[in-house]
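Commentary on secondary and tertiary structure
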Amino acid sequence: MEIKIEKATVLKEKPKKGEALGFGKIFTDHMFVMDYTEGKGWHDARIVPFQDITLSPASMVFHYGQEMFEGLKAYRGENNTARLFRPDMNAKRTNDTNDRLCIPQIPVEDFVDAVKAVVDIDRDWIPEEEGTSLYIRPFIIATDAFLGVAPSKTYKFIIILSPSGAYYASGLKPVGIWIEDEYVRAVKGGMGFAKTGGNYAASLKAQVKAHDDGYSQVLWLDGVERKYIEEVGAMNIFFKIDGKVLTPALNGSILPGITRNSVLKLCRDWGYEVEERKISVDELIEAQKNGKLEECWGTGTAAVISPVGKLRYVDDVMLINNEEIGELSKKLYDTITGIQLGKIEDENNWSVII
Ligand SMILES: *Cc1c(COP(=O)(O)O)cnc(C)c1O
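Residues numbered from 1 in each chain as written. Predicted model: local features only at pLDDT ≥ 70, side-chain atom pairs only at ≥ 80, totals over all residues. Heavy atoms only, no water.

So, about empty space enclosed by the protein. Counted according to the given criterion, the structure contains two cavities of 30 Å³ or more. Its volume calculated, the largest cavity comes out at about 100 Å³. Lining the largest cavity we find Gly71, Leu72, Lys73, Tyr75, Phe85, Asn90, Ile258, Thr259, Thr301, Ile336 and Gln340. Those elements that place two or more of their residues in the lining of the largest cavity are β5 (72–76), α6 (258–269) and α8 (327–341). When residues in the lining of the largest cavity are grouped by element, the largest group, three residues, is from β5. (1 Å grid on protein atoms, 1.4 Å probe; cavity = no way out; pocket = protein on both sides within 12 Å on 5 of 7 lines; lining within 4 Å. Points joined across faces, edges and corners; volume = space filled by probe spheres on them. Helix = DSSP H or I, 4+ residues; strand = E, 2+ residues; numbered from the N terminus.)

Below is the structure:
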């Protein structure tokens, strides 16, 4: 894939060292753009100055939500290198999402090359402080100006970059999670496994409710029986019960996280008994009552590992490990972030260096 580069003539002021970056609020000097037209395929790959885009108000994305997105990070490595973590997995997941949403496929190498090229040009934007990174947001929108319900014949694939602060400004602190018993996020046969905006639109109502009650995230139950654990807002969920590592099996309504996949690999390598299966809320409540619910943590690109100290379900509030971070959660966090930053050996060749 040939990428045309138009450099920004005026560069923005970068955040100062130590300045609070937050998440997803600051954008770099450039972005990647590529168009798709039926019959012609993906074309005109280019890097241009970060700018607004102009679309017809009839563009299909605004009406029926045909869109997808991805999320990954670049970390600052030694000697001004940029380090990506398993970007090929994001490329493959893009195509799984695209397939579900009738969006054309993008060759895995082209996706990865596009990410590398735009990170390369804006590498000076990768922040340095511990825990910070350059968040990479690839996304695709349907652009046909047409109000009929059908797959669009034209699309835009765009990648924007945002320097982001440490997820845990004050250390790795366990969070409280609200197990949602009223609303559901996704059902089997729907698009729960796809990374698409519609899943998030469906989640806002419960998220607001959980926040109002002082919980930071929602844990979803299955959409049919509302009995089995699925996943958290933007994270997969793990439990350590009686020495075993458990996570819900990928069943079509759960997003197949890359962090989830990495955690499974590490836990198996470390000799833990690992089970991917159905886990009911009743089983959790039971385990907690018997003192066997040892740890709980979420996994996702943003937080990497998010220890959970409290789970609420209807009238039950379950405290886990005294609301302190568990040993395995901490080891996973240290190992994965260590690999991402190039500080510990990367036996699985997960890092890609630019
Ligand atoms: C992105 C996402 C995750 C986490 O996936 P990672 O690849 O680990 O970042 C989990 N659940 C949902 C709903 C997501 O959108």
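As a further point, take the packing of aromatic side chains. The tally for this structure, following the rule as stated, stands at 11 aromatic pairs. Judged by centre distance (6.3 Å) and plane angle (65 degrees), the rings of Trp42 and Phe157 are edge-to-face. Taken together, the positions of Trp42 in strand β3 (residues 41–49) and Phe157 in strand β8 (residues 154–164) put the pair 115 residues apart, joining distant regions of the chain. Relative to Tyr215, the ring of Trp178 has its centre 5.7 Å away and its plane inclined at 70 degrees; by these criteria the two rings are edge-to-face. Placement of Trp178 in strand β9 (residues 175–179) and of Tyr215 in the loop between α5 (204–212) and β10 (217–221) is noted, with a sequence separation of 37 residues between them. By the burial criterion, Trp178 is buried, and Tyr215 matches it. Its guanidinium or amino end placed over the ring of Tyr228, Lys278 lies 4.6 Å from that ring's centre, counting from NZ or CZ. (Phe/Tyr/Trp six-rings, centres within 6.5 Å; stacked < 30°, edge-to-face > 60°. Buried < 20%, exposed > 50% of the residue type's maximum accessible area, 1.4 Å probe, protein only. Lys NZ or Arg CZ within 6 Å of the ring centre and 35° of its normal.)

Turning our attention to the environment of Val208. Tracing the backbone through its elements, the reader meets Val208 in helix α5. For the pair Val208 and Gly309, spaced 101 residues apart in the sequence, the C-alpha separation amounts to 20 Å.

Below, the discussion takes up the site of the ligand. The immediate surroundings of the ligand are formed by 15 residues, with Lys195, Tyr200, Glu231, Thr259 and Thr301 found nearest. One of the side-chain nitrogen or oxygen atoms of Thr259 is found 2.6 Å away from an oxygen atom of the ligand. Here the ligand, which alone exposes 380 Å², has 97% of that area covered by the protein. Counted by class, the shell around the ligand contains five nonpolar, six polar and four charged residues. (Near = heavy atom within 4 Å. Polar contact = N/O pair within 3.5 Å; in protein donor to acceptor, adjacent residues only side chain to side chain. Areas by Shrake-Rupley, 256 points an atom, 1.4 Å probe, with all protein chains shown as cover. Nonpolar A, V, L, I, M, F, W, Y, C, P; charged D, E, K, R; others polar.)

Looking at where Ala249 falls in the secondary structure, it is placed in the loop between β13 (244–248) and α6. In the structure, Ala249 is positioned 30 residues away from Ile279 in sequence and 8.7 Å away in space, judged by C-alpha atoms. Ignoring anything within four residues of it in the chain, the contact list for Ala249 reads Ile254, Arg260, Glu276 and Arg277. (Contact = heavy atoms within 4.5 Å.)

Bringing the pattern of salt bridges into the picture now. Counted under the stated rule, the structure contains 20 salt bridges. Taking the shortest distance from any N to any O, the salt bridge between Glu276 and Arg260 comes out at 2.9 Å. Highlighted residues: Glu276 in strand β14 (residues 274–277) and Arg260 in helix α6, separated in sequence by 16 residues. Through salt bridges that share partners, Lys244, Glu273, Glu275, Arg277 and Glu283 make up one connected network. (Salt bridge = Lys/Arg side-chain N within 4 Å of Asp/Glu carboxyl O.)

Attention now goes to α6. The end-to-end C-alpha distance of α6, which contains 12 residues, comes to 17 Å, matching closely the 16 Å that a straight helix rising 1.5 Å per residue would cover. Taken together, the buried positions of α6 are Ile258, Thr259, Arg260, Ser262, Val263, Leu264, Leu266 and Cys267. Positive phi appears at Gly271, one or two residues downstream of α6, with a value of about 90 degrees. (Expected span 1.5 Å × (residues − 1).)

Looking now at the state of the cysteines. This structure, assessed with the given rule, holds zero disulfides. Note on Cys267: no disulfide assigned, nearest cysteine sulfur contributed by Cys296 at a separation of 13 Å. For Cys296, a relative accessible area of 3% translates into the label buried. (Disulfide = S-S within 2.5 Å.)

The next thing to look at is the nonpolar core. Counting 35 residues, the largest nonpolar core has Phe32, Val119, Ile136, Phe157 and Ile159 as the members making the most contacts within it. For this core, the secondary structure elements donating two or more residues are β2 (30–37), β3, β5, β6 (82–85), α3 (108–121), β7 (133–142) and β8. If near-sequence neighbours (up to four positions away) are discounted, Phe32 is found in contact with Met1, Ile3, Ala45, Arg46, Ile47, Ala114, Val118, Phe157, Ile158 and Ile159. (Core = buried A, V, L, I, M, F, W, Y, C linked by side-chain atoms within 4.5 Å.)

The next point concerns the packing of helix α2 (residues 87–100) against α3. Across the interface, α2 lies against α3 with an axial gap of 9 Å and an inter-helix angle of 125 degrees. Taken together, α2 and α3 sit at an angle that is classed as oblique. The interaxial crossing formed by α2 with α3 has right-handed handedness. Together, Pro87, Asp88, Asn90, Ala91, Lys92, Thr94 and Asn95 of α2 and Val108, Phe111 and Val112 of α3 make up the contact between the two elements. (Axes fitted to C-alpha atoms, helices over the stretch in contact; angles between N-to-C directions. Parallel < 35°, antiparallel > 145°, perpendicular 65-115°, else oblique. Left-handed = near helix turned anticlockwise from the far one by under 90°.)

With respect to the helices and strands, the residue Asn199 is situated in helix α4 (residues 197–201). Judged by its relative accessible area of 4%, Asn199 is buried. Among the polar contacts listed, one links the side chain of Asn199 to the backbone oxygen of Met191, at a separation of 2.9 Å. Apart from residues no more than four positions distant in its own chain, Asn199 is found in contact with Arg185, Met191, Gly192 and Ala194.

Of note, Thr143 is situated in the loop between β7 and β8. Separated by 2.8 Å, the side chains of Thr143 and Thr154 make a polar contact. Polar side-chain contacts of Thr143 include one of 3.4 Å to the backbone nitrogen of Tyr155. Excluding anything up to four places from it in sequence, Thr143 contacts Leu55, Ser59, Met60, Ser152, Thr154, Tyr155 and Lys156.

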